[in-house]
Amino acid sequence: MNPTTLPDWFRPACQEVEAALAAGRLAHGILIHEDPGAGGLGLARWIAQRVNCRNANRAPCGQCQECQWIASDQHPDVARLSPEEDSAYILTEAVRNLIAELALTSHGRGYKVAMFAPADALYLNAAQSLLKTLEEPPSRTLLLLVTSQPSRLPATIRSRCARLRLKGPGKAEAARFLEAARGAGPWDEALAATGAGPFELLDADPAALARLRNDTLDTIGDIGSGKVQPPGVAARWGEKNQLPDLQVRLACLEIWVTDRIRESASIRDVTHLSGQGKQSNICRLFELSDAIRDMRKLSLTSINKTMAVESLLWRWARP
């Protein structure tokens, strides 16, 4: 991402950083609280470029060697920690090694920067290892913690960081951003399929997501009307090679149920929510919503996906 052409929704956060720098009060630890997919890591890179760019009077330029190295994660003074490929966590040893590196003299004239994304993936002991660095940071050192779930970080870490909020764009703005970045496509439907922010879809196939969403919504309508039965659908959705698709389908279902709940809140007589003229109980929708959230967590485990999906779909099937 070119720092000179930032998305518009980055501007308020960037302006806060500029104001802190101008006043000489940039915190050594910054917790970037992003909406999911809003681009928190991109903002962290922009901050790293801002404090290391060679054009100090109008940074970051995006063109100097420092900016380009940071954009490609190759700057010797800027490190990023994320979960290892075979782990869901940022490990304690990796954090301790990084802290030791931060104590060394920088290679350039800017800041030494450590980015943690997502920061909520830090093991508890790994997070606690950061406390001393946050309390007594080496000179010109910056810790950037990116997360959409700050409550999952220890309170001791949150209390020692300045908070920087990154709100995501509306659907129309997100679709325009993706079209500019990736080219034309059914981005509106792709965004509706996952409920994710645009940065989570930069590598996605929008047409495939749109097809998956339409199939999922058609299927849930057929189940609600009794045209199809859950066992056959569960067998198709729960296949081993369908796990990525299942994640999208569950996101689609959760968004669909949430929309139905919102609709019902503005209608005294909660009727026809299944789209088939059948009176539906708001409690049934809430139960289905809870079951979908549980299933989204369980789908990442070794649970029998077919049986779990079937149990979920029976909650919506005609009795």
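Per-chain numbering applies: the sequence of each chain, read as written, is numbered from 1 onward. The predicted nature of this model means local features are confined to residues of pLDDT at least 70 and side-chain atom pairs, given and counted, to a pLDDT of 80 or more, with totals for whole chains, interfaces and linings taken over all residues. The side-chain figures draw on all heavy atoms in the structure; neither hydrogens nor water molecules are used.

**A word on the layout of surface pockets**
Let me state the cut-off plainly: Both site types are read off a 1 Å grid over the protein atoms alone. A 1.4 Å probe that fits but cannot get out defines a cavity, while an open set with protein on both sides within 12 Å along at least five of seven lines defines a pocket; lining residues have an atom within 4 Å of a point. Grid points are joined across faces, edges and corners, and a volume is the space filled by probe spheres set on the points.
By volume, the second largest pocket amounts to about 290 Å³. In terms of lining residues, the second largest pocket is bounded by 15 residues, among which Val 51, Asn 52, Cys 53, Arg 109 and Gly 110 are the most central.

**Quick word on helix H4 (residues 92-102)**
Rule in force here: Relative accessibility under 20% of the residue-type maximum defines a buried residue, over 50% an exposed one, and the middle range a partly exposed one, all with a 1.4 Å probe and only protein chains included. Think of it this way: any DSSP run of H or I at least four residues long counts as a helix, any run of E at least two long counts as a strand, and we number them from the N terminus. Working note: the arc is built from the helix axis to C-beta atom directions. Here a residue-residue contact requires only that any non-hydrogen atoms of the pair lie within 4.5 Å.
Where H4 is concerned, the buried positions are Thr 92, Val 95, Leu 98, Ile 99 and Leu 102. With its buried residues spanning 125 degrees around the axis, H4 presents them on a single face. Of the residues in H4, the exposed ones pointing more than 90 degrees away from the buried face are Glu 93 and Arg 96. Considering only its buried residues, H4 is in contact with strand S2 (78-81), strand S3 (112-116), helix H5 (124-129), helix H6 (131-135) and strand S4 (141-147).

**Points about the pairing of strand S1 (residues 29-34)**
Where we set the bar: Two strands qualify as a pair provided DSSP detects at least 2 bridges between them.
Extensive coverage of S1 is indicated by the burial of 6 of its 6 residues. Relative to S4, S1 is paired through 5 bridges, and the arrangement is parallel. Across the sheet, residue Gly 29 finds its bridge partner in S4, namely Leu 143. Note: S1 against strand S5 (residues 162-166), 5 bridges, orientation parallel. The partner of Ile 32 across the bridge, within S5, is Leu 164.

**What to know about the packing of helix H1 (residues 11-22) against helix H2 (residues 40-50)**
Spelled out, the test is: Between N-to-C directions, angles cover 0 to 180 degrees, with each direction set by a line fitted to C-alpha atoms, over the stretch in contact for helices. Orientation labels follow simple angle bins: below 35 degrees gives roughly parallel, above 145 gives roughly antiparallel, 65 to 115 gives roughly perpendicular, and whatever is left gives oblique. Crossing handedness is read from the near helix: turned anticlockwise from the far helix by less than a right angle, it gives a left-handed crossing, and turned clockwise, a right-handed one. Nonpolar residues are Ala, Val, Leu, Ile, Met, Phe, Trp, Tyr, Cys and Pro. Charged residues are Asp, Glu, Lys and Arg, and all others, Gly as well, are polar.
The N-to-C vectors of H1 and H2 enclose an angle of 25 degrees; their axes lie 11 Å apart at closest approach. Judged by the inter-axis angle, H1 sits roughly parallel to H2. In this structure, the crossing between H1 and H2 has a hand that is right-handed. Two secondary-structure elements touch here, H1 through Ala 13, Cys 14, Val 17, Glu 18 and Leu 21 and H2 through Leu 43, Trp 46, Ile 47 and Arg 50. In the contact of H1 with H2, the residues fall into 7 nonpolar, no polar and 2 charged.

**A word on the nonpolar core**
Which entries qualify depends on this criterion: To define a nonpolar core, start from buried Ala, Val, Leu, Ile, Met, Phe, Trp, Tyr and Cys residues and group those joined through side-chain atoms within 4.5 Å.
Of all hydrophobic cores here, the largest spans 42 residues; its most connected members are Leu 43, Ile 47, Val 113 and Leu 142. Among the elements that make up this core, the one with the highest residue count is H2 (5 residues). If we skip the residues at most four places from it in the chain, Val 113 touches Ala 48, Val 51, Asn 52, Asp 77, Val 78, Ala 79, Leu 142 and Leu 144.

**As for the packing of aromatic side chains**
Any two aromatic rings considered together are summarised by their centre-to-centre distance and by the angle between their planes. Defined as follows: Classification of ring pairs uses Phe, Tyr and Trp, with its six-membered ring standing for Trp, and accepts pairs whose centres are within 6.5 Å; under 30 degrees between planes counts as stacked, over 60 as edge-to-face, and the remaining range as tilted.
Within the structure shown, the criterion is met by 7 aromatic pairs. Taking the centre distance of 6.3 Å and the plane angle of 85 degrees together, the rings of Trp 9 and Phe 199 count as edge-to-face. Remark: Phe 199 occurs in the loop between helix H9 (187-194) and helix H10 (206-225) and Trp 9 occurs in the segment before H1; sequence separation between them is 190 residues. Between Tyr 89 and Tyr 123 the ring centres are 4.4 Å apart and the planes differ by 10 degrees, which places this aromatic pair in the stacked class.

**Side note on a nonpolar patch on the surface**
Filter applied, for reference: Exposure above 30% relative accessible area and the lack of any salt bridge qualify a residue for a patch; like charges then connect within 9 Å, and the nonpolar side chains Val, Leu, Ile, Met, Phe, Trp and Tyr within 5 Å. Only the protein chains shown count as cover for residues, and the accessible areas themselves come from Shrake-Rupley with a 1.4 Å probe. Take a side-chain nitrogen of Lys or Arg and a carboxyl oxygen of Asp or Glu: if they are within 4 Å of each other, that pair is a salt bridge.
A contiguous nonpolar surface patch, about 270 Å² in accessible area, is contributed by Tyr 89, Leu 91 and Tyr 123. Mapped onto the elements, Tyr 123 comes out in the loop between S3 and H5.

**Digging into the pattern of salt bridges**
In this structure the tally under the stated criterion is 15 salt bridges. In this structure, the salt-bridge partner of Arg 160 is Glu 135, at a minimum N-O distance of 2.8 Å. Here Glu 135 lies in helix H6 and Arg 160 lies in the loop between helix H7 (155-158) and S5, a separation of 25 residues in the sequence. Overall, the relative accessible area of 33% leaves Arg 160 in the partly exposed class. Overall, Glu 135 belongs to the partly exposed group, its relative accessible area being 45%. Arg 296 is the salt-bridge partner of Glu 254, the closest N and O atoms lying 2.7 Å from each other. Of the two residues, Glu 254 is situated in helix H12 (residues 243-265) and Arg 296 in helix H13 (residues 282-298); the sequence distance between them amounts to 42 residues. With a relative accessible area of 15%, Glu 254 lands in the buried category.

In short, the description is geometric, and any link to function would need to be established separately.
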